[in-house]
Amino acid sequence: MQAERVQFANGPPHPGRVVAELSGGDAGRRPVRWRPLKTIALYAVTLWAVVTLVFLLPRLLPGDPLRQLDDPGSGSFVYDEAARDRVAAYYGLDRPLAAQYGSYLADLSRGEFGWSISQNTPVSSLVRSRLPWTLLLTGSALALSSALSFFAGVTAAWHRGRWADRTLIVVLAASRAIPEYAIASALLIMFAVTFPLFPQAGAQTPFASYPSPLAAVGDVLLHLVLPLAALTLGLAANKFLIVRNTVIATLGEDYMVLARAKGLPRRLLKYRHSGRNAMLPFITALGVQAGFAVGGSLFVETIFNYPGMGTLVERAVTGRDYPLLQGCFILLAFVVLLANLAVELAYGKLDPRVVER
Amino acid sequence: MTATAALSPTTAAEPASPRRTRWGAVAGSVILGVYVALLAFGSRLAPFRATELAGRSLEAPGGRHLLGTNLLGHDIASQLILGARASLLVAVLAGAGTVVLGAVVGVLAGWFPGWPSSVLMRVTDLVLVIPKLPLLLLVGALTGGSVLGLSVVISLLFWPTAARILRSQVLSLRTRTHVKAASGFGAGTWHQLRRHILPDLALLSVAEFIPAAGRAVGLQAGLAFLGVGDPTEPSWGAMIRDAVNFRALFITSAWKWWLVPPVLALVALIVGITLVGTAAERRLSPRLARHQR
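Residues numbered from 1 in each chain as written. Chains lettered and ligands numbered in written order. Predicted model: local features only at pLDDT ≥ 70, side-chain atom pairs only at ≥ 80, totals over all residues.

(A) Examining the overall build of chain A more closely. Each helix and strand in chain A was counted, giving 14 helices and four strands. Considering chain A as a whole, with its 357 residues, one finds that 38% of them fall into the buried category. By sequence separation, contacts in chain A at least 24 residues apart represent 76% of the contacts at least 6 residues apart. (Helix = DSSP H or I, 4+ residues; strand = E, 2+ residues; numbered from the N terminus. Buried ≥ 20, exposed ≤ 12 C-beta atoms within 10 Å, placed from the backbone. Contact = placed C-beta atoms within 7 Å.)

(B) Molecular detail of the overall build of chain B. Scanning chain B from terminus to terminus reveals 12 helices and zero strands. Sequence-ordered secondary structure for chain B, helices as α and strands as β, is α-α-α-α-α-α-α-α-α-α-α-α. The proportion of buried residues among the 293 residues of chain B is 47%. Long-range pairs, those at least 24 residues apart, make up 70% of the contacts in chain B with a sequence separation of at least 6.

(C) How the structure looks around the confidence of the model for chain A. Residue and element names in this part refer to chain A. This prediction gives chain A a mean pLDDT of 79; 83% of its residues lie at or above 70. Model confidence for chain A, summarised as mean pLDDT per element, is weakest for helix H1 (residues 15-22) at 37 and strongest for helix H6 (residues 123-158) at 90. Residue range residues 1-29 is modelled with pLDDT below 50. Its contacts to residues more than four positions away, or to other chains, number 47 contacts. (pLDDT = per-residue confidence, 0-100.)

(D) Local environment of helix H5 (residues 132-143) of chain B. Residue and element names in this part refer to chain B. Helix length check: H5, at 12 residues, gives a terminal C-alpha distance of 16 Å against a target of 16 Å (1.5 Å per residue), a fit within 8%. With 11 of 12 residues buried, H5 is to be regarded as a mostly interior element. Every buried residue belonging to H5 is among Lys132, Leu133, Pro134, Leu135, Leu136, Leu137, Leu138, Val139, Gly140, Ala141 and Leu142, and all of these are buried. Of the residues one or two after H5, Gly144 is the one with positive phi, at around 105°. (Expected span 1.5 Å × (residues − 1).)

(E) Representation of the environment of Ala141 of chain B in the model. When you line up the elements, Ala141 of chain B lands in helix H5. A count of 23 C-beta atoms within 10 Å places Ala141 of chain B in the buried class. Taking the C-alpha atoms as reference points, Ala141 of chain B and Leu223 of chain B, 82 residues apart in sequence, are found 9.6 Å from one another. The contact partners of Ala141 of chain B, leaving out residues within four places of it in the chain, are Val317, Arg320 and Leu325 of chain A together with Val228 of chain B.

(F) How the structure looks around the interface of chain A and chain B. Between chain A and chain B, the contact holds 55 residues from the first and 50 residues from the second. Elements with a contribution of two residues or more to the side of chain A that touches chain B: helix H2 (36-60), helix H8 (180-194), helix H10 (254-261), helix H12 (279-304), helix H13 (309-318) and helix H14 (322-350) of chain A. Counting residues per element, the side of chain A that touches chain B draws most heavily on H14 of chain A, which supplies 10 residues. Looking at the side of chain A that touches chain B, its residues break down into 34 nonpolar, 16 polar and five charged. (Nonpolar A, V, L, I, M, F, W, Y, C, P; charged D, E, K, R; others polar.)

(G) Seen up close, the nonpolar core. Counting 167 residues, the largest nonpolar core has Ala184, Leu325 and Cys328 of chain A together with Leu136 and Leu137 of chain B as its most contacted members. Non-local contacts of Ala184 of chain A, meaning those with residues more than four positions away in its chain, are made with Pro227, Ala230, Phe299, Val300, Ile303 and Phe304 of chain A. (Core = buried A, V, L, I, M, F, W, Y, C linked by C-beta atoms within 7 Å.)

(H) Focus on the packing of H8 of chain A against H12 of chain A. Residue and element names in this part refer to chain A. Where H8 meets H12, the closest approach of the two axes is 8 Å, and the angle between their N-to-C directions is 30°. Accordingly, the angle class assigned to the pair H8 and H12 is roughly parallel. Along this stretch, H8 crosses H12, giving a crossing that reads as right-handed. On the side of H8, the interface is formed by Glu180, Tyr181, Ala184, Ser185 and Leu188, while H12 contributes Gly296, Phe299, Val300, Ile303 and Phe304. (Axes fitted to C-alpha atoms, helices over the stretch in contact; angles between N-to-C directions. Parallel < 35°, antiparallel > 145°, perpendicular 65-115°, else oblique. Left-handed = near helix turned anticlockwise from the far one by under 90°.)

(I) Geometry of unusual backbone geometry. A positive phi is found at Asn305 of chain A, a non-glycine position, where the angle reads about 50°. Topologically, Asn305 of chain A is positioned in the loop between H12 and H13.

(J) The confidence of the model for chain B, seen in detail. Residues and elements named next belong to chain B. Looking at chain B as a whole, its pLDDT mean stands at 81, while 89% of the residues score no less than 70. Low pLDDT, under 50, characterises residues 1-20; the stretch is placed with 26 contacts to residues that sit more than four places away or in other chains. Here the complex is predicted with pTM 0.80, and the ipTM for its interfaces comes to 0.78.

Written out as structure tokens, the structure reads:
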């Protein structure tokens, strides 16, 4: 789902073409410029755009966001008058737009995301307890899917056209097309209900007291297995295809012929000489996937009732709790942008063709 | 290519076996045909209305209820049939919206180099990195999440991939002889775009439309699953949501007829779209056609 398109997602790439693309087209070995300050500035602008969009959305869209909260007849009426005042103060709709924007930015810079209507707590404290779980889930899913797809991709390329390659392509293409929540429900039904190997919900056994810290970690890991598997499957396919196709493109290169003629062991040929070429497109995909991982974790967490941002967002949607929803979005966007920025900066360091100016 | 074939562990090239491809396309078309039939005749096929009290709570499949009932006694089979509407409408509307927006940006960015192009590509990059699902949830929750509204928002967020692909196609078309000849003869921008660029983009746009449609189906159901959706519009995502929110779902065996059918319906539709899309891409994408002909 949300499948990002790969340069050569389907079918064999043309080796010459891919190599030409990687080396900067007909310009040959022309160095690509790397300007870290410009990159950082661009991401700062993006973050500003996100923050401003969040500010403008409820104000531009038709309707008064507070009317329902003030109307005793509506389902989302807030009974606590103090809470209602706090929400009204958060939006500050009686003041001029520029003043509202100014105090909104000032609040954000202090780490204040407003007041959650449905839970009557500051958004920042809700988010603080949830974000680590989401980071654990998405971070480990990105790492695991990277490792798996790299080895699977190199292996498939090495055995291209044979059954291992074909099976991997079919399985991973299917897992890319199927939404995360469908994969997650299938895993839940298979491995937590039909064969109850793993817990059905949560991140820890409720009310458990552990004899040792190690047992606590084990419990967390046991709860992590199924959500992690669901998220990993969705993330692996894209990177697998990138690695496979890049490696296939390198198989005919002169340096491969030479390395083979030297009698280098297969492992070195596969991972050092061939697989290494996939690192750059791989890392680019990793940056793009940070966003998909966060999106996918919202679904997976809701299926497994995992106590991360996903279940918080779900509750915010159900309660039409806009301040909470906005806070979650700004924070998730911040995390994703940071990950992308890190990838772009790393890209400049990794590619010898990229020259710092 | 010969060097590769001689060197690689398997000498077997990867022939695009036309037979396999055709079967995938046939299967995909059959699946899509079934869903279109559900959309066309759904209201007559469904024995009950989606939120009608059709029976007792959690009746097992059989008798009057082909797929049983949910906790509130709604008929699952009817909800399933009527839910096809939301998914298919979003597929068509959001798919078309994504491609149209992408085409507008892509053609403008490809045809006008210099600052218009760089501004448009900056915006494209910006939209590309924003995490889309949280933003969709936020906007969907604010606007109410009707099928039409969601289609607009999905189109507004997912056009960059199509824009990039169509832009590079425009850039490549610009250098072709017939386009150069046309501009040499003094053809205006609009004439060149209309006569020489847009017809060439039409096929590629279809190839972009299909995956965009499949993605929109997954998104709409996902948003309904997370609670963003029109409560009066039956949808598979909302069915999954109701089922998962029922705490005793896995203690009873209700999940077999309550959770599994909407998930399967959704997966089958997405797989159908993907199969048709793969077949169409083989035929239509200039990138792949190049080394298959």
